[in-house]
Each structure stands twice: as structure tokens, then as C-alpha cells.
Amino acid sequence: MREQRHWEDFPQRLAQALPEAVIVTPDLPGNGQRHGLRSASRIGDSVEFCRDQLRARDLLPPYRLLALSLGGMVAVEWASRYPAEIAGAVLINTSMRPYGRFHQRLRWRNYAALAGLLLRGGAGGHDGQARQERLILELSSNDDATRAALLPRWLAYQRDYPVTRGNALRQLWSAARYRAPAARPPVPLLILSAAGDRLVDPECSRRLAQAWQLDHRQHPSAGHDLPLDDGPWVAHMVAQAAAHWPATKPA
């Protein structure tokens, strides 16, 4: 339910770490510049949307993917369906069946707050929108200063491109029903997680890494939005991994 502007300054940090790369941050249907579209209810449909968008911009594969949360499911499905298109992927604080139980994929203590957010749908004017964005920031970041600084901007993003209740539910449904492929996608993969993630249990990342025998690095204190809480750390991890991936001119 986030858009490309929620990356904040991380794309610039990543560009510094990967100076040869073309950094692209597409919005999924229902979010950001695509907020007027109907969100996909299946992860595979999000894959096809991303592929179409990149090709429409004359950005051809192979690609290197950096994906957060639900985006990690999109990256895995993309790499599984079209491995020749993916030179490598980094999955951040993601979760998927069967490598995470339901209460781990979305921590049970957040159920009531998130249900209220969906029921209200940002209702109540400015106050309602502020409650919504404040809750999302509290679940995303463990840095008090970051949350305080970003709240006005995230409110503006929400006013510019509001996510409808229906689209939010379709995105949650697509994530909840997604099941990882039986076999690990045949592309280089790195998993990053945050020990302080209050939205998704980092055990989900650990179990996925163990099952697929992947390299897994865990940040000791950051929250769910790991690039937001420690962008330099993430950029460094990505650059280290990408140095060992097939040489490409990536998007």
C-alpha cells in the first residue's frame, strides 16, 4: 500500500553504491501514480504489470530487483516465472507460505490496529489521515526522529494519491494467499531482515533462507522499512551482493 516516494532518499543512496545502474521505482496498480487502477489480487498479475511497465519505458532485461515486504513475493514469482530476465534479487523483510505462519507473516498484536485502519479507510478528514499514516510509520520505522520528520510528507503523499479500501484489501489478499514456488528460483538471491521488525516476524526470512540455502543478513535494530531506518547499510549489502552477480547493465 506504499508508493515510490516512500523510498525517500534511498534510491539516491543506492545509485551512489551502484553508479552503473539505472534505478527504477515502479508503482504497483492501486498505489502512487497508479492509484486509479485496480490492485492485483494475485502476485503473478503484479509481476506482469511490472514487466509491461518496464518494457513500455524501453528498459529491457536482465534486471536486478530490490524488493521490500510484499514486493519480495513479486520478485520471487518474477524470478521463478522468468529467470532469464533476472540477474539477481535482494528480498527485504518478506514472508510467504510455507516459510512463515500466518501470525508470523503479520504479527498478531497488530491485527486490531490494522483492521481499524482498513475499516476507517482514512476517513475523518485530516485527523483520520494522520492516524493512518502515524500508525503505518510506527509499524514501519523504529526511529523516532525519522517518524516525526516523515509524517507531514507521508500525509501529503496520501492526499495526492489515496489508496482505496478495496485496493488495500486486494493487496493484502494477494500477499496472504501467495505461496512460494516449490523450487528455489534459479537466480542469485540475498535475504535481508531486521531484528526489530514489528510488522513481520524476522523468523519468516530466516526460514526462507534456510529452506533455499540463501545468504541471509540481519540488521540488529531496524524496523520493517529497513531502507528507511538504515539506508546506507542496505545499499552496502546490495552492492556487495551485486558485485558477484552476472555482469549486466541493469534496471
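Computed from a predicted structure; not experimentally measured.

Calculation criteria
- Residues numbered from 1 in each chain as written.
- Predicted model: local features only at pLDDT ≥ 70, side-chain atom pairs only at ≥ 80, totals over all residues.
- Heavy atoms only, no water.
- Helix = DSSP H or I, 4+ residues; strand = E, 2+ residues; numbered from the N terminus.
- Buried < 20%, exposed > 50% of the residue type's maximum accessible area, 1.4 Å probe, protein only.
- Contact = heavy atoms within 4.5 Å.
- Areas by Shrake-Rupley, 256 points an atom, 1.4 Å probe, with all protein chains shown as cover.
- Core = buried A, V, L, I, M, F, W, Y, C linked by side-chain atoms within 4.5 Å.
- Pairing = 2+ DSSP bridges.
- Axes fitted to C-alpha atoms, helices over the stretch in contact; angles between N-to-C directions.
- Parallel < 35°, antiparallel > 145°, perpendicular 65-115°, else oblique.
- Left-handed = near helix turned anticlockwise from the far one by under 90°.

### Structural notes on the overall build of the chain
Secondary structure summary: the chain contains eleven helices and four strands in total. Expressed as a percentage of the 251 residues in the chain, the buried residues total 52%. Contacts in the chain between residues at least 24 apart in sequence constitute 74% of all its contacts with a sequence separation of at least 6. Of the roughly 11800 Å² of accessible surface on the chain, a fraction of 53% belongs to carbon and sulfur atoms.

### Considerations on the nonpolar core
Counting residues in hydrophobic clusters, the biggest one holds 32 residues, and the most contacted among them are Leu65, Trp78, Ile86, Leu91, Met96, Leu208 and Trp212. If you list the elements that add at least two residues to this core, you get helix H2 (43–56), strand E1 (63–68), helix H3 (70–81), strand E2 (86–92), strand E3 (189–194) and helix H9 (203–212). Among the elements that make up this core, the one with the highest residue count is H3 (seven residues). What leucine 91 contacts, discounting residues up to four positions off in sequence, is Ala67, Gly72, Ala75, Val76, Leu190, Ile191, Leu192 and Leu208. Membership of the second largest hydrophobic core comes to 19 residues, among which are Phe10, Trp233, Val234 and Met237.

### Some details on the sheet that holds E2
Taken together, four strands build an open sheet; the order of strands is E1-E2-E3-E4 and the sheet is parallel. Taken across any chain shown, the strands that pair with only one partner, and hence form the sheet edges, are E1 and strand E4 (215–219). On average, adjacent strands in this sheet sit at an angle of 15° to one another, irrespective of strand direction. As paired strands, E2 and E3 are joined by four bridges and run parallel to one another. Counted as the bridge partner of valine 90 is leucine 190 from E3. Seen against the sheet, H9 touches E2, E3 and E4 and runs at an angle of roughly 155° to E3.

### Topic: the packing of helix H1 (residues 10–17) against helix H11 (residues 231–242)
Two packed helices can be described by the angle between their axes and the distance between those axes. For the pair H1 and H11, the least separation of the axes is 9 Å and the interaxial angle reads 40°. Regarding the angle of H1 to H11, the classification is oblique. Every pair of crossing elements has a handedness; the one defined by H1 and H11 is right-handed. Along its contact with H1, which presents Phe10, Arg13, Leu14 and Ala17, the element H11 presents Gly231, Pro232, Val234, Ala235, Val238 and Ala239.

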